[in-house]
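# Analysis of the macromolecular model
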Amino acid sequence: MAISVIRVPLFYHPQLPVARNVSGGLRKVKYRSKRFTLLAQYSQTQDLFSSRLQNSIENLPKLVEDIVQTSINTGPRGVLRLAQGIQAFVGVGGEWLADVSKSTSSSSTGLPTQLQLGLLSPLYLRRLFERMGATYIKLGQFIASAPTLFPQEYVSEFQNCFDRAPAVPFEEIKTILLEDLGKPIESVYEYVDPTPLASASIAQVHGARLRGSQEDVVIKVLKPGIEDVLVADLNFVYVVARILEFLNPELSRTSLVGIVKDIRESMLEEVDFKKEAANIEHFRRYLEIVGLERQATAPKVYHHCSTRRVLTMERLYGVPLTDLDSIRSFVSDPETSLITALNVWFGSLLGCETFHADVHAGNLWVLRDGRIGFLDFGIVGRISPKTWAAMDVFLASIATEEYEPMASSLIAMGATDKDVDVKAFARDLEKIFSSIQELDTEIVVATARGTTTNATAVSANVIVDERQMNALFLDVIRVSESYGLRFPREFALLIKQLLYFDRYTRLLAPEMNMLQDQRISIVSNRRSNYRDSFR
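Residues numbered from 1 in each chain as written. Predicted model: local features only at pLDDT ≥ 70, side-chain atom pairs only at ≥ 80, totals over all residues. Heavy atoms only, no water.

## Things to note about unusual backbone geometry
Here Gln214, not a glycine, exhibits a phi torsion of approximately 65°, which is positive. Take Gln214: it is sitting in the loop between β5 (203-210) and β6 (216-222). The class of Gln214 is partly exposed, set by a relative accessible area of 39%. We note that Glu401 has phi near 55°; this positive angle belongs to a residue other than glycine. Note on Glu401: relative accessible area 57%, which makes it exposed. (Helix = DSSP H or I, 4+ residues; strand = E, 2+ residues; numbered from the N terminus. Buried < 20%, exposed > 50% of the residue type's maximum accessible area, 1.4 Å probe, protein only.)

This is the structure:
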């Protein structure tokens, strides 16, 4: 038979010789098992392919339904964003080609890896995101704050993804105020400053005064059209993720679509000022319950002139926690102010539905009356019971420098299907945390002598090196991932806030250990049913 070369008797064993009659004589022939292994592998591959094809066929209607529904939700605005995307792509592509040309003419060793990756490299992708505007700037900031989800090179590069934008003309801001308030602006505010106090990619802030009560307020206004842009962009990102998972089912193991959904939910929350107002109210309620209203505050929300696109808040007057000289004009002991800030924030981890997850110096002030002011609740975190229980042990372990409990807490916090060597993991963590004290802290001190007196004013500030802070955290993530661990985003948010407070401690109380000082109550020491008060 023509196919006799691949026939195998039912009793065949690959290691046994088989006799065949060739040209009238007997000859021993040993079939190699490799041939049959290949046949088996081919059969398995066919089965796997058939299975995947069957799954793809079954999932295709759902994919099409998702794409159609998302396209309907996006509407005509998607076409406009597509045109703007092409323009941004061409612009950054031109920059890349120019850099390739320069590199080629100046070096004979070949293109650097950054240029070889093209627009997918961290540098050019970050530039593309900045050109694409609000959604992608926010997405870049999400990448920068989520080293548990993205490669280190991208996390580091997207630290440079700045949220800055030119101010929208005041006439457009007035139009939004009129539409959302449903009444003449003059009937609500006695005065609105046409010059914004701040302008970012999604909103800008104006100072104002309420009619009647004469209270000073700030008005945070969503920029016109920004919600449409966000919806169009996020829907596009979602569709791309769905298609990628459909084409490569292995990606579903990375929860790509789940990550995109989390990003979409998080970003859309930031443009819903009703949710930010609720976050502020939760924090103020927490301060009231634990009796800390005289030590700290958050802006009061004026609900009668707040909507999804307009947030009117009490105007707080103070200085950032890093402005040492100005702080001393408000309080006699800056170290006490820092301790208050730490106690309030640590308590909120357990006492609030959400915790403030962006305590950089611009959002943490010492007010004129000596209280600590927490500002901007657009970015908040939520801690699951599992994450908090592990985080509790983690913080205690840092304070006592016990690295095996620290390793165990990280293992409990991270998702893994591997058996982790706790002792080896602890040794690696010890190496990382011993480097905290070696981090550079740059304190800038400026002095000025008065022109009419001999008094000398001294002003000090601390430069928070975001790159160093994130490098330290990335080391923890890198080592943890080498042991197969994957952490929830809340862990990244918590650690970043702790690193901010570490910097403030170096400026305001350099001799203090914030996790060991008896004046600071870590939440594990003040367990209570605070959250029940919000239910």
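After presenting the structure, the write-up continues.
## Quick word on the pairing of β6
As a general feature of sheets, a regular strand has side chains that alternate between the two faces. Counting buried positions along β6 yields six of seven residues, so the element is predominantly enclosed. Adjacent in sequence and paired antiparallel, β5 and β6 are bridged by five residues, among which Gly212 carries a positive phi angle near 95°. Relative to strand β8 (residues 310-314), β6 is paired through five bridges, and the arrangement is antiparallel. For Ile219, the partnering residue across the bridge sits in β8 and is Thr312. (Pairing = 2+ DSSP bridges.)

## Examining the pattern of salt bridges
Summed over the entire model, instances satisfying the criterion amount to 20 salt bridges. Arg519 is paired through a salt bridge with Glu335; the nearest N and O atoms lie 2.7 Å apart. Note that Arg519 is positioned in the segment after α17 (489-508) and Glu335 in helix α12 (residues 334-351), a separation of 184 residues in sequence. What makes Glu335 partly exposed here is its relative accessible area of 22%. For Lys423, the salt bridge goes to Glu404, with nearest N and O atoms at 3.1 Å. Separated by 19 residues along the polypeptide, Lys423 in helix α15 (residues 422-433) and Glu404 in helix α14 (residues 403-413) bring together distant segments of the chain. (Salt bridge = Lys/Arg side-chain N within 4 Å of Asp/Glu carboxyl O.)

## What about a nonpolar patch on the surface?
Among the surface-exposed residues, Leu82, Ile86, Phe89 and Val90 lie close enough to one another that they form a single nonpolar patch of about 420 Å² accessible area. Looking at the secondary structure, you find Leu82 in helix α2 (residues 77-106). Taking the relative accessible area as the measure of exposure, Leu82 reaches 54% and is therefore exposed. (Patch = residues over 30% accessible without salt bridge, like charges linked within 9 Å, V, L, I, M, F, W, Y side chains within 5 Å. Areas by Shrake-Rupley, 256 points an atom, 1.4 Å probe, with all protein chains shown as cover.)

## Here's the deal with the packing of helix α13 (residues 385-400) against α17
Remark: α13 packs on α17, axes separated minimally by 11 Å, with the N-to-C direction vectors making an angle of 35°. Considering only the axes of α13 and α17, their crossing is right-handed. Residues Thr387, Met391, Phe394 and Leu395 of α13 form the contact with α17, whose participating residues are Glu490, Phe491, Leu494, Ile495 and Leu498. Counted by class, the contact of α13 with α17 contains seven nonpolar, one polar and one charged residues. (Axes fitted to C-alpha atoms, helices over the stretch in contact; angles between N-to-C directions. Left-handed = near helix turned anticlockwise from the far one by under 90°. Contact = heavy atoms within 4.5 Å. Nonpolar A, V, L, I, M, F, W, Y, C, P; charged D, E, K, R; others polar.)

## Let's talk about the environment of Pro166
Examined against the element boundaries, Pro166 turns out to sit in the loop between α6 (152-157) and α7 (170-181). Along the sequence, Pro166 and Ala198 sit 32 residues apart, while their C-alpha atoms lie 9.6 Å from each other. Not counting residues within four places of it along the chain, the set of residues in contact with Pro166 comprises Ser199 and Lys223.

## Section: the side chain of Asn279
Mapped onto the fold, Asn279 is located in helix α10 (residues 273-289). The buried category is assigned to Asn279, whose relative accessible area is 9%. With residues near it in sequence (within four places) discarded, Asn279 still touches Thr354, Phe377 and Val380.

## Some thoughts on the side chain of Asp272
Topologically, Asp272 is positioned in the loop between α9 (256-270) and α10. Side-chain polar atoms of Asp272 contact the backbone nitrogen of Lys274, separated by 3.1 Å. (Polar contact = N/O pair within 3.5 Å; in protein donor to acceptor, adjacent residues only side chain to side chain.)

## Here we look at the packing of aromatic side chains
For the coordinates displayed, the defined rule picks out ten aromatic pairs. A ring pair is formed by Phe129 and Tyr136, whose centres lie 5.3 Å apart and whose planes are at 65°; its orientation type is edge-to-face. The two residues Phe129 and Tyr136 agree in class, both being buried. The interplanar angle of 90° and the centroid separation of 6.0 Å between the aromatic rings of Phe501 and Tyr504 together place this pair among those described as edge-to-face. (Phe/Tyr/Trp six-rings, centres within 6.5 Å; stacked < 30°, edge-to-face > 60°.)

## Focus on the nonpolar core
Residues Trp345, Phe374, Met391 and Phe394 are the most contacted members of the largest nonpolar core, which totals 110 residues. Sort the elements by how many residues they give to this core and α17 lands first, with eleven residues. Among residues more than four places away in sequence, those in contact with Phe374 are Phe283, Ala296, Thr297, Ala298, Pro299, Ala341, Val344, Trp345, His356, Val359, Asn363 and Leu364. In terms of nonpolar packing, the next biggest core, distinct from the first, is built from 18 residues, Ile185, Tyr189, Tyr302 and Val310 among them. (Core = buried A, V, L, I, M, F, W, Y, C linked by side-chain atoms within 4.5 Å.)

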